[in-house]
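Here's the letter readout for the chains.
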Protein chains: 2
Amino acid sequence: MNDKELLEKSNEILSSPRNQDEEIQALQDTLYVLSGKWKIPIINSICNGNRRFRDIERSIPGITTRMLSKELKEMSANQLIKRTVVDDTPVIIEYSPTDYCHSFGSIILEMIKWGKAHRQRLREKS
Amino acid sequence: MNDKELLEKSNEILSSPRNQDEEIQALQDTLYVLSGKWKIPIINSICNGNRRFRDIERSIPGITTRMLSKELKEMSANQLIKRTVVDDTPVIIEYSPTDYCHSFGSIILEMIKWGKAHRQRLREKS
DNA sequence: CGGCATCCAACCGGATACTG
DNA sequence: CAGTATCCGGTTGGATGCCG
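Residues numbered from 1 in each chain as written. Chains lettered and ligands numbered in written order. Predicted model: local features only at pLDDT ≥ 70, side-chain atom pairs only at ≥ 80, totals over all residues. Heavy atoms only, no water.

Under the annotation held in an unreviewed UniProt entry, chain A carries the name Transcriptional regulator, HxlR family and is attributed to Pedobacter soli.

Undergrad: Looking at this structure, how should I read the interface of chain A and chain B?
TA: Often, the extent of an interface is quoted as the loss of accessible area upon association of its parts. Listed by partner, the interface residues are 48 residues for chain A and 48 residues for chain B. The junction of chain A with chain B conceals about 4,900 Å² of combined surface from both sides, 62% of it contributed by carbon and sulfur atoms. The interface formed by chain A and chain B contains four salt bridges. Here A:D29 makes a salt bridge to B:R119, at a shortest N to O gap of 2.6 Å. At the surface where chain A touches chain B, the tally comes to twelve residue pairs in polar contact (both at pLDDT 80 or more). Elements with a contribution of two residues or more to the side of chain A that touches chain B: α1 (3-15), α2 (20-33), α3 (39-47), α6 (99-102) and α7 (105-125) of chain A. When residues of the side of chain A that touches chain B are assigned to their parent elements, the largest contribution, 14 residues, is made by α7(A). (Contact = heavy atoms within 4.5 Å. Buried area = accessible area lost by both parts, 1.4 Å probe. Salt bridge = Lys/Arg side-chain N within 4 Å of Asp/Glu carboxyl O. Polar contact = N/O pair within 3.5 Å; in protein donor to acceptor, adjacent residues only side chain to side chain. Helix = DSSP H or I, 4+ residues; strand = E, 2+ residues; numbered from the N terminus.)

Undergrad: Would you explain the protein's contact with DNA strand C in this entry?
TA: Around DNA strand C, 14 residues are found, and the nearest of them are A:R52, A:R54, A:S69, A:Y95 and B:R66. In DNA strand C, atoms within 4 Å of the protein come from the sugar-phosphate backbone in 62% of cases. A distance of 2.6 Å separates a base nitrogen of DNA strand C from a polar atom in the side chain of A:R54. Between A:K73 and DNA strand C, the recorded distance is 3.4 Å, taken from a side-chain N or O atom to a phosphate oxygen. Counting residues per element, the ones that place at least two in the surface near DNA strand C are α4 (53-59), α5 (65-77) and β2 (92-97) of chain A together with α5 (65-77) of chain B. The element best represented in the surface near DNA strand C is α5(A), accounting for four residues. Of the residues in the surface near DNA strand C, the class split is five nonpolar, two polar and seven charged. (Near = heavy atom within 4 Å. Nonpolar A, V, L, I, M, F, W, Y, C, P; charged D, E, K, R; others polar.)

Undergrad: Explanation requested: the packing of aromatic side chains in the structure shown.
TA: Aromatic ring pairs are reported here in terms of the distance separating the ring centres and the angle at which the planes meet. Evaluated as defined, the whole model comprises six aromatic pairs over all chains. Plain terms: the ring middles of A:Y100 and A:F104 are 6.3 Å apart, the flat faces sit at 55° to each other, and that makes the pair tilted. Ring geometry for A:Y100 and B:W114: centres 5.9 Å apart, planes at 35°, overall tilted. Placement of the pair is A:Y100 in helix α6 and B:W114 in helix α7 (residues 105-125), with the two residues belonging to separate chains. Lying over the aromatic face of A:W114, A:R121 brings its terminal NZ or CZ to 5.4 Å of the ring centre. (Phe/Tyr/Trp six-rings, centres within 6.5 Å; stacked < 30°, edge-to-face > 60°. Lys NZ or Arg CZ within 6 Å of the ring centre and 35° of its normal.)

Listed below in structure tokens is the structure:
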């Protein structure tokens, strides 16, 4: 399926009155799991290969250690990522994505695509 | 492109180290525009054909008139939706999606898809 | 390096009441 | 119906400093 067909399918499905209740519920479930400013950028960063705290931190503009620490803990608890202690000296901590984490791939890709098109639109206007 | 291929492509692209800076920026731009609990459900509702305030309100579980009012105003200002006064008696107000609004279709579809799969996973576990 | 503790401001958003 | 007004509590999240 190419982009044009995908878009048409999107609009068709979005315009359909069927299963609206189920869809809004699914939507709100997803938004709940991804709530806040940082979970998606963190997932993206870890899926991009970043493994260590400082690396993840540096890869996300604006995040603080406090928020990264908090989110990593929460996301570990929710099986979104795995925290591994590599028993070297000094100890190295590694965060890695779970399959569950990868399941957000399509959402993140669509968001990146939208963001790029958005910047393009802004450039064209000015 | 089928789902399996799409997933592989997602992982491939997500694993690529190129353009990480541009992508995280695009991602954060998108998250900024869509920030908060309600914008995505509202977009979905309006794209689903809901036009009037009460209809939109009823279609989104949990939203209050205050938040809906606030978001609709903000989203009108940002050209995401259009507010039309139908000069009937009594006056009818209609909200409709702009092209800009439709551009979120793919993101919303992916979120609905994820949410449904999420519920399915939970059902299978229990 | 990989965090935790504390303080604090902003705001998000719920409840409720009210208006034309 | 289509909102506005007010109140206010909880959470988000930034700044900073500290620890092993």
